[in-house]
Amino acid sequence: MENPKNQIDNSTLPVDTTPKVTGIGGIFFFLENPQETKKWYVENLGLEINDWGSSSFESRDLSRPDEILSFQWCPFKKGDKYFSPSTKEFMINYRVQNIEGLVNKLKEKGVTVLDDIVTYDFGKFVHIMDTEGNKIELWEPERKGSL
């Protein structure tokens, strides 16, 4: 029987556990007045600000259509220490799979890992530094079902 919805059947595919980045989970950046700027984005572009002070954009993974992906847009007050030790104006959050394996691989390659992996209800996080002094947040989301 033909698949009328052209859906991908992943039930027989092997699960990929390669330690790697799978997408961008968010962009965080400095502003002089984040509250006023958030208000501008709400009033002019219709962004909705959540309880964490960011805006969440949800999408689906084409190879795993039941999986809900989230992208965070979040301004911080200029000089916020969350970006430390980086002195850059932004920080990118990358979605990853197998965060433990990735951290081990990065340590073997001499990459600066700034902290231990921390687990929350919505996933695991760790921070690293790239060769240009950019702090990077790695996030392995907690697997969610469909909407």
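Going by the structure above, here's the rest.
All of the points below concern the structure found in this document. Model, not experiment: these values are computed from the prediction. (Residues numbered from 1 in each chain as written. Predicted model: local features only at pLDDT ≥ 70, side-chain atom pairs only at ≥ 80, totals over all residues. Heavy atoms only, no water.)

**Re the packing of aromatic side chains**
Then, in step 1: Applying the stated criterion across every chain, the model contains 13 aromatic pairs.
Then, in step 2: Relative to Phe-83, the ring of Phe-76 has its centre 5.3 Å away and its plane inclined at 65°; by these criteria the two rings are edge-to-face.
Then, in step 3: In this structure Phe-76 comes out as buried when scored by relative accessible area, which is 16%.
Then, in step 4: Since its relative accessible area comes to 1%, Phe-83 is described here as buried.
Then, in step 5: Measuring from centroid to centroid gives 5.7 Å for Phe-122 and Phe-125, while their planes differ by 75°, and the two rings are edge-to-face.
Then, in step 6: Within the aromatic cluster, the residues linked to one another by ring pairs are Phe-28, Phe-30, Phe-76, Tyr-82 and Phe-83.
Then, in step 7: One residue, Lys-135, lies across the ring of Tyr-82, its end atom 5.1 Å from the ring centre. (Phe/Tyr/Trp six-rings, centres within 6.5 Å; stacked < 30°, edge-to-face > 60°. Buried < 20%, exposed > 50% of the residue type's maximum accessible area, 1.4 Å probe, protein only. Lys NZ or Arg CZ within 6 Å of the ring centre and 35° of its normal.)

**A short note on unusual backbone geometry**
Then, in step 1: For the bond from Ser-84 to Pro-85, the omega torsion is 10°, close enough to zero to count as cis.
Then, in step 2: Summarising the element assignment, Pro-85 is placed in the loop between strand S3 (64–77) and strand S4 (90–97).
Then, in step 3: Residues other than glycine seldom take positive phi values, yet Asn-98 does so here, at roughly 55°.
Then, in step 4: In this structure, Asn-98 sits in the loop between S4 and helix H2 (99–108). (Helix = DSSP H or I, 4+ residues; strand = E, 2+ residues; numbered from the N terminus.)

**Quick word on the nonpolar core**
Then, in step 1: The biggest cluster of nonpolar side chains holds nine residues, and these are Val-96, Ile-99, Leu-102, Val-103, Leu-106, Val-126, Ile-128, Ile-136 and Leu-138.
Then, in step 2: Going through the elements one at a time, H2, strand S6 (123–129) and strand S7 (135–141) are the ones with two or more residues in this core.
Then, in step 3: Setting aside anything within four residues of it in sequence, one finds Leu-106 in contact with Val-111, Ile-128 and Leu-138.
Then, in step 4: By size, the runner-up hydrophobic cluster in this structure holds six residues, among which are Phe-28, Cys-74, Phe-76 and Phe-83. (Core = buried A, V, L, I, M, F, W, Y, C linked by side-chain atoms within 4.5 Å. Contact = heavy atoms within 4.5 Å.)

**Quick notes on the sheet that holds S4**
Then, in step 1: Strand order in the open sheet made by the seven strands is S2-S3-S1-S4-S7-S6-S5, with mixed pairing throughout. Each edge of the open sheet carries a strand with a single partner, namely strand S2 (55–61) and strand S5 (118–120). Ignoring which end each strand starts from, the neighbouring axes of this sheet average 25° apart.
Then, in step 2: Running at roughly 15° to S6, H2 makes contact with strand S1 (20–31), S4, S6 and S7 of the sheet. (Pairing = 2+ DSSP bridges. Axes fitted to C-alpha atoms, helices over the stretch in contact; angles between N-to-C directions.)

**Regarding the pattern of salt bridges**
Between side chains of opposite charge, a pair can form when the charged atoms approach closely.
Then, in step 1: Summed over the entire model, instances satisfying the criterion amount to four salt bridges.
Then, in step 2: Here Glu-32 makes a salt bridge to Lys-78, at a shortest N to O gap of 3.8 Å. Here Glu-32, found in the loop between S1 and helix H1 (34–45), pairs with Lys-78, found in the loop between S3 and S4; they are 46 residues apart in sequence, far enough to count as distant.
Then, in step 3: The class for Glu-32 is exposed, based on a relative accessible area of 56%.
Then, in step 4: Overall, the relative accessible area of 41% leaves Lys-78 in the partly exposed class.
Then, in step 5: The network of salt bridges with shared partners includes Glu-32, Lys-78 and Glu-89. (Salt bridge = Lys/Arg side-chain N within 4 Å of Asp/Glu carboxyl O.)

Remember that the coordinates give geometry; whether it matters functionally is a separate question.
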